[in-house]
Amino acid sequence: MKTRALVMAGAMALTAMATTRVAQAQEPLAVNIPFDFVAGNMQLPAGEYMVKVSAPTHTLILISRMDSTASGFVNTNAAVSSEPQSESKLIFNRYGDRYFLSQVWTEGNSQGRQLLKSAREKEMSQIAKNETRGQVTLVAELARTNR
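The rules behind each value
- Residues numbered from 1 in each chain as written.
- Predicted model: local features only at pLDDT ≥ 70, side-chain atom pairs only at ≥ 80, totals over all residues.
- Heavy atoms only, no water.
- Helix = DSSP H or I, 4+ residues; strand = E, 2+ residues; numbered from the N terminus.
- Buried < 20%, exposed > 50% of the residue type's maximum accessible area, 1.4 Å probe, protein only.
- Contact = heavy atoms within 4.5 Å.
- Areas by Shrake-Rupley, 256 points an atom, 1.4 Å probe, with all protein chains shown as cover.
- Polar contact = N/O pair within 3.5 Å; in protein donor to acceptor, adjacent residues only side chain to side chain.
- Core = buried A, V, L, I, M, F, W, Y, C linked by side-chain atoms within 4.5 Å.
- Salt bridge = Lys/Arg side-chain N within 4 Å of Asp/Glu carboxyl O.
- Pairing = 2+ DSSP bridges.

> Tell me about the overall build of the protein chain, residues and numbers included.
From N to C terminus, the protein chain includes two helices and 10 strands. Secondary structure elements in the protein chain, listed N-terminal to C-terminal, are α-β-β-β-β-β-β-β-β-β-α-β. Taken across its 147 residues, the protein chain has 37% of its residues classed as buried. Long-range contacts, defined as pairs at least 24 residues apart, comprise 56% of the intrachain contacts of the protein chain with a sequence gap of at least 6. As presented, the protein chain carries roughly 9,100 Å² of accessible surface, and 53% of it is formed by carbon and sulfur atoms.

As structure tokens, this is what we get:
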């Protein structure tokens, strides 16, 4: 009887932790992006942004400026890491002075989102010299919205 009670208590604890992770994954991320960038086919200006994975399919990401002057949806594919992420972050591919949003990761999750490369990014990656290529990672935080 004690074993059954312990198994039930363990199952309830795991369910509670999984529910918390799912809830965190649905919360938007807030990030200050200090440079103009491209997300999908959208050219977006520098500024404060909220980034949210759309439900229920999780294939789209909504990117919106906090001042409501720019927003849009971007198609993504699943990305998997061998370890849960230690922080929420956005990863950009850089070619010279052009930045392209590449990945979105949420703290505590080993699954993130990979943006599809646009034709513009593919072109830039072919003409960029090796010394002008790189990646930029910006740390994001969970955006607590009361709207």
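> Would you mind going over the side chain of Q103 in detail, with residue names and values included?
Structurally, Q103 can be placed in strand 8 (residues 98-105). Residue classification places Q103 among the buried residues on the basis of a relative accessible area of 18%. A distance of 2.8 Å separates a polar atom in the side chain of Q103 from a polar atom in the side chain of W105. When neighbours within four sequence positions are excluded, Q103 is seen to be in contact with K89, L90, I91, R113, Q114 and L115.

> Break down the nonpolar core for me, citing the residues and quoting the values.
Residues I33, F37, A39, I63, L90, F92 and L101 are the most contacted members of the largest nonpolar core, which totals 24 residues. Of all the elements in the fold, those that place two or more residues in this core are strand 1 (29-33), strand 2 (37-39), strand 3 (42-44), strand 4 (47-53), strand 5 (60-65), strand 7 (88-95), strand 8 and strand 10 (133-142). Once you skip the residues sitting within four places of it in the chain, A39 turns out to touch L44, I63, V74, L101 and L115. Counting five residues, the second largest nonpolar core, distinct from the first, contains V38, Y95, F100 and A128.

> Describe in detail the pattern of salt bridges, supporting the description with residues and values.
Proximity of charged atoms lets side chains of opposite charge pair with each other. Summed over all chains, the structure comprises one salt bridge. One salt bridge in this structure joins R65 and D67, with 2.9 Å as the shortest N-O distance. The class for R65 is buried, based on a relative accessible area of 18%. The partly exposed category is assigned to D67, whose relative accessible area is 42%.

> I'd like a description of the environment of A79, backed by residues and values.
Position of A79 relative to the elements: it lies in strand 6 (residues 71-80). On the accessibility criterion, A79 (9% relative accessible area) is buried. Distance from A79 to Q103, taken between C-alpha atoms, is 8.0 Å for residues 24 residues apart in sequence. Not counting the four nearest positions on each side in its chain, A79 is found in contact with W105, S110, Q111, G112, R113 and Q114.

> Help me get a handle on the environment of P84, residues and values and all.
Assignment of secondary structure puts P84 in the loop between strand 6 and strand 7. Sequence separation between P84 and T106 is 22 residues, and the spatial gap between their C-alpha atoms is 8.8 Å. Ignoring any residue separated from it by four or fewer positions in sequence, one finds P84 in contact with G108, N109 and S110.

> So what's going on with the pairing of strand 9 (residues 111-115)? Residues and values would help.
With five bridges connecting them, strand 6 and strand 9 associate as antiparallel partners. Looking across to strand 9, one finds that T76 is bridged to L115. Note that strand 8 and strand 9 share two bridges and pair antiparallel. Bridge pairing links V104 to R113 in strand 9. The antiparallel pairing of strand 8 with strand 9 creates a hairpin that spans five residues between the two strands, and G108 there sits at a positive phi of about 85°.

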